[in-house]
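# Residue-level structure breakdown
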Amino acid sequence: MKTTPFTDVHIALGAKMHEFAGYNMPIEYSGIIDEHNTVCHGVGVFDVSHMGEFWVKGPNALPFLQSITSNDVSALTVGKAQYTCFPNEEGGIVDDLLVYYYEAEKYLLVVNASNIEKDWNWCVSHNTVGAELENSSDRTGQLAVQGPKATAVLQRLTPVDLSAIPYYSFVTGEFAGCKHVIISNTGYTGAGGFELYFYPEDGMTIWNAIFEAGKPEGIKPIGLGARDTLRLEMGFCLYGNDLDDTTSPIEAGLGWITKFTDGKNFTNRVELERQKKEGVTRKLCAFELQDRGIPRHGYEIVDTEGNVIGEVTSGTMSPTTKKGIGMGYVKPAYAKVGTEIFIRIRNKDLKAQVAKPPFRK
């Protein structure tokens, strides 16, 4: 298995480790609920160095990105980021990702760990305009420091004014004495905080500085288990569960990142534009169980008559509401907020209601 700059630290701290996307990653330390609440009310640190990073450079960087991503990259200004996806030719999604406009003719793509090789091959094979591509995934470390107390902790370690970095914006500067650290406000937890991108050799310096600075706030390391419950309470999609090669951005409620602007002729635009105009046969919805139970990926969603109308793609017991919550694809008629549906758990149909996330206010 691959390692990150912090793998030995996770093991020394007694983390429950497991393979994820080919990496030996921490799933939990003190327990998912405790870690979840730490991020909601304090500050926690996620090792997300397994994520992929590609640089796209040169005069043809923008034309390339406009042709391969669904969102309108031309709308970005330097220092801004956007959420987007790579559509495939069949109407599905190769991956969802972030695009950072780093400087003139230079962009950073941050892709999912499980899709690094797939995404890289996709970019290379679709680079018909001669953009300069560089896969720096193995030369980039990343920590996500999340929670309402994260800004106060991190501000002690950088001259950069963190309060001046709006959501989906970033700055490159000095952090914990290390140069060229990207400080990004694009969190995946809904709890506030920043992501730090840095050279792997600076990893332990940054890790130790953060944990020393965060002692008064009770800072803790957080595993991937709580990362999943936090994103699900916010209604954020996870590739491989809620998104994949067969789900279109229109079905997934991602029409807002699918821009049909003049001159933006991205992969499969015609089909996605048709879906937006004519509708789709299924839609991703969020739901909350009214009966007690825990929905899981793959469980059937049924109507009041017991007819199968869809399938759960993500589910958990919400640490905040203490109710079962989840997301899944259903026939459009059942996707409206307030609609009564049922989740089939061990041959028992448990009552649920379609809801509008976030579940954590």
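Our structure's up above, just so we're on the same page.
Here goes a summary of the coordinates provided.

Reading the values: rules and limits
Residues numbered from 1 in each chain as written. Predicted model: local features only at pLDDT ≥ 70, side-chain atom pairs only at ≥ 80, totals over all residues. Heavy atoms only, no water. 1 Å grid on protein atoms, 1.4 Å probe; cavity = no way out; pocket = protein on both sides within 12 Å on 5 of 7 lines; lining within 4 Å. Points joined across faces, edges and corners; volume = space filled by probe spheres on them. Helix = DSSP H or I, 4+ residues; strand = E, 2+ residues; numbered from the N terminus. Nonpolar A, V, L, I, M, F, W, Y, C, P; charged D, E, K, R; others polar. Pairing = 2+ DSSP bridges. Axes fitted to C-alpha atoms, helices over the stretch in contact; angles between N-to-C directions. Buried < 20%, exposed > 50% of the residue type's maximum accessible area, 1.4 Å probe, protein only.

The space that makes up the second largest pocket amounts to roughly 280 Å³. Forming the walls of the second largest pocket are 15 residues, and the residues nearest its centre are W55, T140, H180, I182 and Y199. At the level of secondary structure, the elements contributing two or more residues to the lining of the second largest pocket comprise β4 (52-57), β7 (106-111), β11 (178-184) and β12 (193-198). Per-element tally for the lining of the second largest pocket: the top contributor is β4, with 3 residues. By residue class, the composition of the lining of the second largest pocket is 7 nonpolar, 3 polar and 5 charged.

Strands sit in the order β10-β11-β12-β9-β3-β13 across an open sheet of 6 strands; the sheet is mixed. Each of the sheet's edge strands pairs with one partner strand only, and the pair in question is β10 (170-175) and β13 (220-222). Averaged over all pairs of adjacent strands, the angle between strand axes in this sheet comes to 30°, irrespective of strand direction. Here strand β3 (residues 44-47) runs beside strand β9 (residues 141-146); their pairing, made up of 4 bridges, is antiparallel. If you follow F46 over to β9, its bridge partner there is A144.

Turning to unusual backbone geometry, a few remarks are in order. Here the bond from P357 into P358 is cis, since omega is 10°, no more than 30 degrees from zero. Within the secondary structure layout, P358 lies in the segment after β19 (348-355). Even without being a glycine, A176 presents a positive backbone phi close to 50°. Looking at where A176 falls in the secondary structure, it is placed in the loop between β10 and β11. Of the residues examined, A176 reaches a relative accessible area of 19% and is grouped as buried. One non-glycine residue, R346, lies in the positive phi region at around 50°. In this structure, R346 sits in the loop between β18 (340-345) and β19.

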